[in-house]
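# Observations on the three-dimensional arrangement
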Amino acid sequence: MLNCSALFFESYFIKGVFFLVSPSAAPSSNARPKYSNPTRLIVISFLVVILAGTLLLMLPISNRDGRCLNFLDAFFTATSATCVTGLVVYDTYTQFSMFGQVVILLLIQIGGLGLVTLTTFFNIAIGRRLGFKSLRLASESINLSDASQARGLLMFVIKVAFTFEAIGAVLLSFKLVPQFHTDGIFISVFLSISAFCNAGFDILGFIMPGGSLIPYQNDPYVLTIIALLIISGGLGFLVWQDLSMYRRTHHLRTHTKLVLSITALLLILGTAGIFVLEYNNPLTLAPMNFFDKLSNAAFQSASARTAGFNSFPLNDMTNFTKIFMSILMFIGAAPGGTGGGIKVTTISVILVAVASVIRGRDDAMIYHRMIDHKTVYKSLTILLLSLLAVTVASLSLFYDIGNGVSEVDCVFEAVSAFGTVGLSVGITALMNPFARIVTIITMFIGRVGPVSLAISLSARKDSAAAYRVVHPQAHINVG
């Protein structure tokens, strides 16, 4: 019954909302559609999903107490689920009924893969022909520059996502079904989808409300499976496609090489940093044996890359560890995947560009290839806009919550929201309405991307023509 309800909801929800976000669904006319900009359509699609999820979570059937959830709390939860963040006002299991949990799970799935990706997939599956605008929109949704490759990659995205989620659910069920019997099936599915989509939601509140995976901190089997799902979703589908073709091509793209190397480096540095910083902390790692300390540090390093699960109390970490994890959360995962943050490729391009300037080179080079200047400019723009968003959010949280909350905790929570991580040091529940609204906006900006949001708000019909005009060169001394 549960699976039927979920499929019924997903099918009709996607069909109903596709008309609003798909260019091919619009009536044909010579006039240019009002929302023909692909980036703008993607932003709108996330808003539509969030609002639909909000209305569903407000229903009495979605809540255990049988009462309507107030709009702001439902809106916060729907935004967190759709933006695959994981910050919660209420414990998911304690507050929401089975129906509400299914709604949240579907929001996570839709938000993780993108509504445009799913609607395009279903149109391909039923044999509907996609026009150029639909392919362009689909390519934007999966961060693909070549629209002609969108159809093949979209099918690959869905296959990879469902395969990883199915394997994860089966592996988790070996542990959770003997422990929770038939309930363990749904818990396994929920955790698998949440982990692959880097959402961080859990339904283990009946063991420890708000405890996430703390009950399994001494279980390396569960932690390893969740961590591998997090990493798999965070690598990006372009990387998985490239790896799947390696046996035939014997070649990896520069993007793939960069993502794999930086991801491995950050995972190792994150593990080592958390392990050393929290080794003697009696409230976190100190009571564990050496192997559990290492496995928990490794798990938290992977989770900080935008997943949102925690295996020990984060509010008990030292301030230095919180700052260190904030850096990991801010960097995030790879583009074209389910993770957030400014992305590992963005920070890599910036660091390579800085190194090139220091060496007196005109062009940034990586793996003996030149990085396009537009890529460098976009990376710098992403970094500056992201820092601005985090700064404004941090100051707003500190101003609104005030006494009893440190500046470091506010920065941690703001970065967690922007990076769509979902790790919390316990101040989300303390937020007043203003702070919750700020956090909602921060999560949304982090999910759609600061540059994409700016483009969607400012794009005009004549913008492309305006940028083709040749202007006189400006000479400005810097440094």
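The rules we used
Residues numbered from 1 in each chain as written. Predicted model: local features only at pLDDT ≥ 70, side-chain atom pairs only at ≥ 80, totals over all residues. Heavy atoms only, no water. Helix = DSSP H or I, 4+ residues; strand = E, 2+ residues; numbered from the N terminus. Buried < 20%, exposed > 50% of the residue type's maximum accessible area, 1.4 Å probe, protein only. Contact = heavy atoms within 4.5 Å. Areas by Shrake-Rupley, 256 points an atom, 1.4 Å probe, with all protein chains shown as cover. Phe/Tyr/Trp six-rings, centres within 6.5 Å; stacked < 30°, edge-to-face > 60°. Lys NZ or Arg CZ within 6 Å of the ring centre and 35° of its normal. Expected span 1.5 Å × (residues − 1). Polar contact = N/O pair within 3.5 Å; in protein donor to acceptor, adjacent residues only side chain to side chain. Core = buried A, V, L, I, M, F, W, Y, C linked by side-chain atoms within 4.5 Å. Salt bridge = Lys/Arg side-chain N within 4 Å of Asp/Glu carboxyl O. Axes fitted to C-alpha atoms, helices over the stretch in contact; angles between N-to-C directions. Parallel < 35°, antiparallel > 145°, perpendicular 65-115°, else oblique. Left-handed = near helix turned anticlockwise from the far one by under 90°. Nonpolar A, V, L, I, M, F, W, Y, C, P; charged D, E, K, R; others polar.

Turning to the overall build of the protein chain, a few remarks are in order. The number of helices and strands found in the protein chain is 21 helices and 2 strands. Counting all 479 residues of the protein chain, 55% fall into the buried class. For the protein chain, restricting intrachain contacts to residue pairs at least 6 apart in sequence, the fraction spanning at least 24 positions comes to 69%. Working note: accessible area of the protein chain is about 22500 Å², and carbon and sulfur atoms make up 65% of it.

Once that is clear, we can look at unusual backbone geometry. Phi is positive for His250, close to 55°, though the residue is something other than glycine. Within the secondary structure, His250 is located in the loop between helix H12 (246-249) and helix H13 (254-278). His250 sits in the exposed class, given a relative accessible area of 59%.

On to the packing of aromatic side chains. Per the stated rule, a full pass over the model turns up 10 aromatic pairs. A ring pair is formed by Phe275 and Phe290, whose centres lie 5.5 Å apart and whose planes are at 80°; its orientation type is edge-to-face. Highlighted residues: Phe275 in helix H13 and Phe290 in helix H14 (residues 290-303), separated in sequence by 15 residues. By the ring-pair criterion, three or more aromatic residues cluster together here, those being Phe164, Phe196, Phe237 and Trp240. Over the face of the ring belonging to Tyr93 we find Arg64, whose NZ or CZ atom lies 4.2 Å from the ring centre. The positively charged end of Lys257 is found above the aromatic ring belonging to Tyr367, 5.9 Å away from the centroid.

This paragraph deals with the side chain of Thr54. Considering the arrangement of structural elements, one finds Thr54 in helix H2 (residues 38-58). Its relative accessible area of 1% is what places Thr54 among the buried residues. Sequence-distant contacts of Thr54, defined by excluding residues within four places in its chain, comprise Phe71, Ala74, Phe75 and Ala78.

Here we take up H14. Between its first and last C-alpha, H14 extends 20 Å over 14 residues, near the 20 Å set by a 1.5 Å rise per residue. With 10 of 14 residues buried, H14 is to be regarded as a mostly interior element. Those residues of H14 not exposed but buried are Asp292, Lys293, Ser295, Asn296, Ala297, Phe299, Gln300, Ser301, Ala302 and Ser303. Buried residues in H14 make contact with helix H10 (220-235), H13 and helix H15 (319-331). For H14, the capping residue at the N-terminal end is Asn289, with a side-chain oxygen 3.2 Å from the backbone nitrogen of Phe291.

The biggest cluster of nonpolar side chains holds 124 residues, and the ones touching the most others in it are Ile108, Ile226 and Phe309. Other than its neighbours up to four places away in sequence, Ile108 contacts Ala81, Val84, Phe190, Ile193, Ser194, Cys197, Ala199 and Phe201.

Relative to the helices and strands, Leu56 resides in helix H2. The spatial distance from the C-alpha of Leu56 to the C-alpha of Val103 is 7.3 Å, given a sequence separation of 47 residues.

Moving on, we get to helix H18 (residues 407-418). The end-to-end C-alpha separation of H18 is 16 Å, in line with the 16 Å expected for 12 residues at 1.5 Å each. Burial analysis of H18 places 9 of its 12 residues in the buried class, which makes it a mostly covered element. At the C-terminal side of H18, Thr420 shows a positive phi close to 50°.

Okay, the pattern of salt bridges next. For the structure shown, the criterion picks out 3 salt bridges. Lys322 is the salt-bridge partner of Asp409, the closest N and O atoms lying 2.8 Å from each other. Placement of Asp409 in helix H18 and of Lys322 in helix H15 is noted, with a sequence separation of 87 residues between them. By the burial criterion, Asp409 is buried, and Lys322 matches it.

Next up on the list: the packing of H10 against H14. Their axes nearest at 9 Å, the elements H10 and H14 cross at an angle of 25°. Judged by the angle between their axes, H10 and H14 are roughly parallel. Relative to H14, the crossing made by H10 is left-handed. Between H10 and H14, the contacting residues are Pro220, Leu223, Ile226, Ala227, Ile230 and Ile231 on the first element and Phe291, Asn296, Phe299, Ala302 and Ser303 on the second. Residue classes in the contact of H10 with H14 are distributed as 9 nonpolar, 2 polar and no charged.

Below, the discussion takes up the packing of H15 against H18. Interhelical geometry of H15 versus H18 gives an angle of 20° and a closest axis separation of 9 Å. With respect to their mutual orientation, H15 and H18 come out roughly parallel. The handedness of the crossing between H15 and H18 comes out as left-handed. Of the residues in H18, those in contact with Asn319, Lys322, Ile323, Met325, Ser326, Met329 and Phe330 of H15 are Val408, Asp409, Phe412, Val415, Ser416 and Phe418. In terms of residue class, the contact of H15 with H18 is built from 8 nonpolar, 3 polar and 2 charged.

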